[in-house]
Amino acid sequence: MDGNDDKLKNESDLSDKEIEFLDKAKEAADFFKGFDKNKTIRVISHLDADGISAASILIKMLNRTNRRYSISIVQQLSEEKIKSLAKERYSSFIFTDIGSGQLKEISNLLKGRKVLVMDHHQPKEGFEKWRIGENILQYNPHLSGIDGNDNISGSGVVYFFSKAVLEKNKDMAHIAIVGALGDMQEDYGFKPLNNIILKYGIEEKKIKVINGIRIFGAQTRALHRLLQYSTDPYIPGVTGSESGAIDFLKRIGINPKGENGWRRLIDLNDEEIKRLVAGMIVLRINDKVEDAQRIVGPVYLMEEEEKASPLKDCKEFATLLNACGRLDMASLGIGACLGDEKSKKRALDALKIYRKEIVESLRWFENNQNNDRLIKKGKGYIIINSKEDIRSSMIGTLCSILTNSVDKSEFKFILGLSRNDYDDSTKISMRTTLNDGVDLREILQTICSKTEAEVGGHKHAAGALIKSNDEKEIIERAEGILERMALEEKVELE
Ligand SMILES: [Mn+2]
């Protein structure tokens, strides 16, 4: 099937706000150029796929401009973390995909250092400005009135900045697209700023958009497994059933097996793909026409990766980066983004381990269904208090997966808690099965407002760091607030 890139935006189609934001990249670049060339730059980035992509784009530019750097990838930027950074002797700092929510602490604790914050999260109240004093520059789309939830990701922000420093860095667009996909910013196409990046990626022959079946794992999974595990789209009689999936394929005249064993989606010819799409639409006969059409849409592929590689599909690439980050092996993800073959191989091993951990955490969830000290199912919500049982970097992933498998009419909110093993703090993750109309970050802020907590995230995925001693109080407060929120259409927060 052919790609369709006539919908891609041109710079001339951008709004004034978007143009202002892009112009600001030059200011950020000039600020960066003022960093002492003989000194090592301290780089701190976020641990998810977007944060790793952002760090990779930055590193490419730093390498190309002969700058030295020391990099850390963090899950949260707690006050403790900033305190320990302040003890280091670096004179310049760059924060990517993180930092705007911590500008108060950054400006208090990193006094006298040059700090560049490139983020797309909502800036801390009172810090919604490009410059904070002489020494801090914040490059963030919110400051131009642009929604950082879906118009541009952290890696996109770093992309425009690094391109402004060095035009050659235009060739990292594909990695910024991986970051945007990792942050779920794509919805059958991108908003204008991400779309410009996509256009650059296509111009650089790094990325290709095809019109294909939108199921995760097209490059790598056996076709029948792919259908069996497909929750979006949900295929009646097929999702959740291996034999159902195989029968379905046979019924529509597609042999699930080829000469070399199980076939993948990418092994099908055009005629078979058409039959598959038609077959899926027939099974989803109750759908509205618009929904039925959603089976097919844009699929983003890396031009330079081999067919059937887990790095070929940009969404699978994002999952690989996530895996590296969550398993404390972010450097492998960065290596993969920079095209290092050895890192790619090792990152693929990390992906296998990650999948195993996900399965184990789902199994833990299943096994503890009736243990209401660990899993509380209330009216409209589920609270998972995993203590040390689930790795704190995996609790968000577990909550995300559950939003696709729990009964959406019964449960609106999923809140997960997991203890960090390095201190007496607890990580909270919050997800929703609702598509719109809620701001999880705001809700989590309210839940945590009576205790000392650091809350961050977006409308659709929020997180917090609390003291483990406060777990009980937070859970009790969450029960009240979430039940109220889930029952009523819209509740004003106190
Ligand atoms: Mn991000």
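Remember, predicted model here, so these are calculated numbers, not experimental data.

*Asks:* Whenever I open this one, the overall build of the chain confuses me. Can you help?
*Replies:* Tallying secondary structure elements over the chain gives 17 helices and 16 strands in all. In the chain, the share of contacts with a sequence separation of at least 24, taken over all contacts with a separation of at least 6, comes to 63%. For the chain, the exposed area adds up to about 22700 Å²; of that, 45% sits on carbon and sulfur atoms.

*Asks:* Help me out: how do you make sense of the environment of Asn255 in this one?
*Replies:* When you line up the elements, Asn255 lands in the loop between helix H9 (242-251) and strand E8 (257-258). In the structure, Asn255 is positioned 172 residues away from Lys427 in sequence and 46 Å away in space, judged by C-alpha atoms. Here Lys257 takes part through its backbone nitrogen, which lies 3.0 Å from a polar atom of the side chain of Asn255.

*Asks:* Would you explain the pattern of salt bridges in this entry?
*Replies:* Any two side chains of opposite charge can pair if their charged atoms end up close together. Tallied over the full model, the rule gives 25 salt bridges. Note that Glu27 is salt-bridged to Lys24, the shortest N-O span being 3.3 Å. Note that Glu27 and Lys24 are positioned in helix H1 (residues 16-33) at a spacing of three residues, about one turn of the helix. Overall, the relative accessible area of 39% leaves Glu27 in the partly exposed class. On the accessibility criterion, Lys24 (18% relative accessible area) is buried. Residues joined by salt bridges that share partners form a network here, namely Lys170, Lys199, Glu203 and Glu204.

*Asks:* It is not clear to me how the pairing of strand E1 (residues 41-46) should be interpreted in this structure. Could you clarify?
*Replies:* Each regular strand shows side chains that alternate between the opposite faces of the sheet. For E1, the tally of buried residues reaches six of six residues, placing the bulk of the element in the interior. The alternating pattern of E1 places Ile41, Val43 and Ser45 on one face and Arg42, Ile44 and His46 on the opposite face, and all of these are buried. Here six bridges tie E1 to strand E2 (residues 69-74), and the two strands are oriented parallel to one another. Directly across from Ile44, in E2, lies its bridge partner Ser72. Each parallel crossover has a hand, and the one from E1 via helix H2 (residues 49-64) to E2 is right-handed. Bridge count for E1 against strand E3 (residues 92-96) is five bridges, and the pairing is parallel. Each residue of the ladder has a partner; that of Ser45, found in E3, is Thr96.

*Asks:* I tried to follow empty space enclosed by the protein on my own but got confused; where do I start?
*Replies:* Rolled over the atoms, a probe sized like a water molecule indicates the empty space that remains. If you walk through the whole model with that rule in mind, you get one cavity of 30 Å³ or more. In this model, the largest cavity occupies a volume close to 40 Å³. What lines the largest cavity is simply Lys24, Glu27, Ala28, Trp130, Leu137, Gln138 and Tyr139. The set of elements that each furnish at least two residues to the lining of the largest cavity consists of H1 and strand E6 (136-139). Taken together, the residues of the lining of the largest cavity break down into four nonpolar, one polar and two charged.

*Asks:* Quick question: what am I supposed to make of the coordination of the manganese ion here?
*Replies:* A metal bound by six donors in octahedral fashion has ideal angles of 90 or 180 degrees, whereas one bound by four tetrahedral donors has an ideal angle of 109.5 degrees. Each protein donor to the manganese ion is listed here as Asp50 (OD), Asp97 (OD), His120 (NE2) and Asp183 (OD); together their distances run 2.1 to 2.4 Å. If you list the donors of the manganese ion from N- to C-terminus, the spacing comes out as D-x46-D-x22-H-x62-D. Here His120 is found in the loop between strand E4 (114-118) and strand E5 (131-132), whereas its partner Asp183 is found in the loop between helix H6 (173-182) and helix H7 (192-203), with 63 residues between them in sequence. You'll find His120 and Asp183 in the same group, each marked buried.

*Asks:* Would you explain the sheet that holds E4 in this entry?
*Replies:* Strands pair in a sheet through their backbones, by hydrogen bonds, and they do so in one of two ways: parallel or antiparallel. Ordered by their spatial adjacency, six strands build an open sheet running E2-E1-E3-E4-E6-E5, and the pairing between neighbours is mixed. Each end of this open sheet is capped by a strand with a single partner; those strands are E2 and E5. Of the pairings in the sheet, the one linking E3 to E4 comprises five bridges and is parallel in character. Note on E4: the bridge partner recorded for Ser92 is Lys114.

*Asks:* Could you clarify how one ought to interpret the packing of aromatic side chains in this entry?
*Replies:* For any two aromatic rings, the description comes down to two numbers: the centre-to-centre distance and the angle of the planes. Counting across every chain of the model gives 10 aromatic pairs. Considering the side-chain rings of Phe32 and Phe161, the 5.7 Å spacing of their centres and the 85 degrees angle between planes classify their relative orientation as edge-to-face. Placement of the pair is Phe32 in helix H1 and Phe161 in helix H5 (residues 154-165), with a sequence separation of 129 residues. Note on Tyr159 and Tyr200: the rings are 6.3 Å apart at their centroids and 45 degrees apart in plane angle, and the pair reads as tilted. Of the two residues, Tyr159 sits in helix H5 while Tyr200 sits in helix H7, which places them 41 residues apart along the sequence. For the residue pair Tyr159 and Tyr200, the accessibility class agrees, reading buried in each case. Its end group placed over the ring of Tyr188, Arg214 keeps NZ or CZ at 3.9 Å from the ring centre.

Thresholds, definitions, all that
- Residues numbered from 1 in each chain as written.
- Predicted model: local features only at pLDDT ≥ 70, side-chain atom pairs only at ≥ 80, totals over all residues.
- Heavy atoms only, no water.
- Helix = DSSP H or I, 4+ residues; strand = E, 2+ residues; numbered from the N terminus.
- Contact = heavy atoms within 4.5 Å.
- Areas by Shrake-Rupley, 256 points an atom, 1.4 Å probe, with all protein chains shown as cover.
- Polar contact = N/O pair within 3.5 Å; in protein donor to acceptor, adjacent residues only side chain to side chain.
- Salt bridge = Lys/Arg side-chain N within 4 Å of Asp/Glu carboxyl O.
- Buried < 20%, exposed > 50% of the residue type's maximum accessible area, 1.4 Å probe, protein only.
- Pairing = 2+ DSSP bridges.
- Right-handed = clockwise from strand over helix to strand, strands pointing away.
- 1 Å grid on protein atoms, 1.4 Å probe; cavity = no way out; pocket = protein on both sides within 12 Å on 5 of 7 lines; lining within 4 Å.
- Points joined across faces, edges and corners; volume = space filled by probe spheres on them.
- Nonpolar A, V, L, I, M, F, W, Y, C, P; charged D, E, K, R; others polar.
- Donors = N, O, S within 2.8 Å, 3.2 Å for Na, K, Ca; no water.
- Phe/Tyr/Trp six-rings, centres within 6.5 Å; stacked < 30°, edge-to-face > 60°.
- Lys NZ or Arg CZ within 6 Å of the ring centre and 35° of its normal.

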